[in-house]
Protein chains: 2
Amino acid sequence: MKNDENMESKGVSRRQMMIGTGALAASVAMVQFGGLLKSAEAKDGSTEKWPWPYEKLDPAKTAEIAYEEWYRVFCGAAVINSVFSQLREKVGEPYKSFPTDAFVFLEGGMVGWGTVCGSNAGAAIVANTIIGPRIAGGKEGHLITDDMFQWYSEASMPIFAPKKPKVATTLVKTTSESPLCHVSVGKWMKASGYHIGSPERKDRCARVAASVAYHLVELLNDWKDGKYVATGTHSPVKDFGITAQMNCMECHAGGVPTPPMAKK
Amino acid sequence: MKNDENMESKGVSRRQMMIGTGALAASVAMVQFGGLLKSAEAKDGSTEKWPWPYEKLDPAKTAEIAYEEWYRVFCGAAVINSVFSQLREKVGEPYKSFPTDAFVFLEGGMVGWGTVCGSNAGAAIVANTIIGPRIAGGKEGHLITDDMFQWYSEASMPIFAPKKPKVATTLVKTTSESPLCHVSVGKWMKASGYHIGSPERKDRCARVAASVAYHLVELLNDWKDGKYVATGTHSPVKDFGITAQMNCMECHAGGVPTPPMAKK
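First things first, this report covers the structure right here in the doc. The shown structure was predicted, so the numbers you read here are calculated from the model rather than taken from an experiment.

Under the fitted operation, chain B is carried onto chain A by 0.0 Å of movement along the axis and a turn of 180°, and the coordinates agree to an RMSD of 0.0 Å. What we have between these two chains is a two-fold relation. Using C-alpha coordinates, one finds that chain B approaches the rotation axis most closely at Cys251(B), a distance of 2.5 Å. An overlap of 100% is found between the interface residues of chain B and their copies at the interface of chain A, pointing to a shared contact surface.

Next comes the structure, spelled out in C-alpha cells:
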C-alpha cells in the first residue's frame, strides 16, 4: 500500500521531465492521478494521498491575505489560510475539508509559550500537507520546511509591506537568528522599543506572517515547476549530536554542554 | 456567521449542566448538533464547526497506540493518530478527512530544529481541532494546550511504560522544565548517557509521546464530562511582558533582558 503511494508520488513528480518529450503523455498522467485522488476522497485516509493538487499562486496576493488574516486568526492560521483559502477556490477538496481556523493556537509560539514562531509552524503545515510527509516518498515538504526556518532566521524582518498598512509607522527590521517566537519578537521589541501589546508589535508580526507566506509560495511555485532546489545548510544532529539551531551560543552563553555521541 | 457558531458551541458546552435536570433534552440537543455537523460537511469550511463530536477514549489504550505509531510516524503524528485513529472508527467524519500523517514533520522539534517537542505540538493540534480555536467561542482547546505544556515541563519523563517495550533497558527519567524538544531530549541524553541515534533515546521519545497521549485523553475525557478545570499558571506576557516559558534563567543565565513594557 505504501509502495503504491510512493510510486504514484514519483510518477507525478516526474511530470516536469516528461513535458519536453511528450506533453500529451504528461497530461494523461495528471488526469489519471486527479481521478484517483477524487475517488479516494470517500474513503478513510483519503486526504493522505500525496501530493495534494496545487496551483501556482501569486506571492504578493498571498502575502496581502496573510496580513489581513493575522488580525482575525493570528500568525500560524493566517499563513495557512493565505494559501488554503485560495486553493479552496482554485482546487476545492481536499482544501475545503482542512480545519484551518483550528490553528489559531499557534499564536505567540503556541498559546503564548514563545516556542516556534506561528508563521513558521503555519508554513510547515502548508508545505507538508500539500507535498506530504517524507515517509510517503516525497522529501520536498520536509526540505522546504527546513529552508523556510533557515531563511526566516537569517532574514531582516519584516520584509513585506502591505498596500494598506494598519499602522503608519515605519517599522524597524531585525534578524532573529532563530525560528522561535520569543527570540524573534524579543529582538524586535528591544530594537524598536515597542511593548508586546502595542499596535506596532502586532503589525510587525502581521507583516512577518505576510513575509513568510510570500516566500513559502515562491518555494511552492518552484516545486510545482520542478525547479525547487533545497538550500538549507542545517545539520545539527550530524554536527552537534542533537536536534537544534546551529548557533548554540545564542542560549548557551555560559558554555555548551557536550551531548553523548555515537561511536564512530 | 461567527456569532451563530459561537451560540452553537455554547449550546453544546452547556450540555453537562442540562444532564441533571433533563437528560432527554440534552440528547435532543446533541442529535440536532450532530445533524447540523453532518449536513455542513458538504460546504466550504464545514470542518470549522466546533466542537467536533468526541467520544471518551481509554488513556492506556491511546498511549499504547501512540507508542507503536512513534516507530512509524514519530512523535507529533503519533500523538495525533493515537486519538484520531480511534475517533475515525468511533465517530467517522470529520476525523476521516484529517491528514494526520502530514504531521511527520513535527519530528525533532520540527524537521530537527529542536523547537517545540512534537508530542506537545501534536497534543495541541488534537485539542484545538476537536474543541476549536478560542475565536470560535470555546477556550478549552487553548487552555488544555497551556496545561499540557506546563504538565510536560514539570513531569518526570517518560511516565508511560508500554506492555511490549521495544527496548528492554530501564530508562532514566528526567524533567525538562521546558516544552522544547532540544531541552527535553538534551537533558535526558545528559542524564542517561545515550546518544541521539541510540535505540534507548528513540524508545524514550516513543514513551514520551505515549505519556503525552495518555494525559491528553485524560483532559479531553474530563472536558467531555464537563469536569475539566484549567490548572495552568503560565502568564509570561502579564508577568514578563513577552511570550515565553516562566523560567527565564534556563536560557538567559548571563542576565535576562528587560523588554519594553506598556505604561501602567
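A few words now on unusual backbone geometry. Look at the link from Glu93(A) to Pro94(A): it is a cis peptide, with omega at 5°. That bond from Trp50(B) to Pro51(B) is cis: its omega, -5°, falls within 30 degrees of zero. Phi at Phe74(A) takes a positive value of approximately 70°, unusual for a residue other than glycine. Note on placement: Phe74(A) falls in helix H4 (residues 59-90). Overall, the presence of 25 C-beta atoms within 10 Å leaves Phe74(A) in the buried class.

Residues and elements named next belong to chain B. It is at 9 Å that the axes of helix H5 (residues 118-131) and helix H8 (residues 199-224) come closest, and there the two elements cross at 20°. Taken together, the axes of H5 and H8 are roughly parallel relative to one another. In the packing of H5 onto H8, the handedness of the crossing is right-handed. Together, Ser119, Asn120, Ala123, Val126, Ala127, Ile130 and Ile131 of H5 and Val208, Ala209, Val212, Leu216, Leu220 and Trp223 of H8 make up the contact between the two elements. Of the residues that constitute the contact of H5 with H8, the class distribution is 11 nonpolar, 2 polar and no charged.

Core analysis: the biggest nonpolar cluster contains 140 residues, and Ala209(A), Leu216(A), Ala209(B) and Leu216(B) have the highest contact counts within it. The residues contacting Leu216(B), other than those within four sequence positions of it, are Val79(B), Val83(B), Ala123(B), Val126(B), Ala127(B) and Met148(B).

Before going further, it helps to examine the interface of chain B and chain A. Many descriptions give the size of an interface as the accessible area lost when the pieces come together. On the chain A side, the residues contacting the 63 residues of chain B number 63 residues. Among the elements of the structure, helix H4 (59-90), H5, helix H6 (140-154), helix H7 (181-192) and helix H9 (236-240) of chain B are those that each provide at least two residues to the side of chain B that touches chain A. The element contributing the most residues to the side of chain B that touches chain A is H7(B), with 6 residues. Tallied by class, the residues present in the side of chain B that touches chain A amount to 33 nonpolar, 22 polar and 8 charged.

We now examine helix H7 (residues 181-192) of chain A. Residue and element names in this part refer to chain A. The terminal C-alpha atoms of H7 lie 16 Å apart, and with 12 residues this matches the ideal 16 Å at 1.5 Å per residue to within 8%. Listed in full, the buried residues belonging to H7 are Cys181, His182, Val183, Ser184, Val185, Gly186, Trp188 and Met189. Where H7 is buried, its residues meet helix H5 (118-131), strand E2 (174-175) and helix H8 (199-224). Directly beyond the C-terminal end of H7, a positive phi value near 85° is found at Gly193.

Rules used in this analysis
Numbers given for residues are sequential positions, taken from 1 along each chain in its written order. Naming scheme: in the order in which they are written, chains are lettered from A and ligands are numbered from 1. Local features in this predicted model are restricted to residues of pLDDT 70 or higher, and side-chain atom pairs are both shown and tallied only at a pLDDT of 80 or more, whereas totals for entire chains, interfaces and linings draw on every residue. Least squares is the method for superposing the copies, and the C-alpha atoms it fits come from residues with pLDDT of at least 70 in both. By the convention adopted here, residues make contact when the C-beta atoms placed from their backbones lie within 7 Å. For helices the rule is a DSSP run of H or I covering at least 4 residues; for strands it is a run of E covering at least 2, with both sets numbered from the N terminus onward. Residues with at least 20 neighbouring C-beta atoms inside 10 Å of their own are called buried, those with 12 or fewer are called exposed, and the rest are partly exposed, where every C-beta is derived from the backbone. Think of each axis as a best-fit line through the C-alpha atoms, taken over the contacting stretch in the case of a helix, with angles from 0 to 180 degrees between the N-to-C directions. Working definition: roughly parallel below 35 degrees, roughly antiparallel above 145 degrees, roughly perpendicular at 65 to 115 degrees, and oblique for all remaining angles. Here a crossing is taken to be left-handed if its near helix is turned anticlockwise relative to the far helix by less than a right angle, and right-handed if that turn runs clockwise. In this classification, Asp, Glu, Lys and Arg are treated as charged, Ala, Val, Leu, Ile, Met, Phe, Trp, Tyr, Cys and Pro as nonpolar, and every other residue, Gly included, as polar. In this usage, the nonpolar core is the set of buried Ala, Val, Leu, Ile, Met, Phe, Trp, Tyr and Cys residues whose C-beta atoms join them within 7 Å. Here the expected length of a helix is defined as 1.5 Å per residue gap, with one fewer gap than residues.

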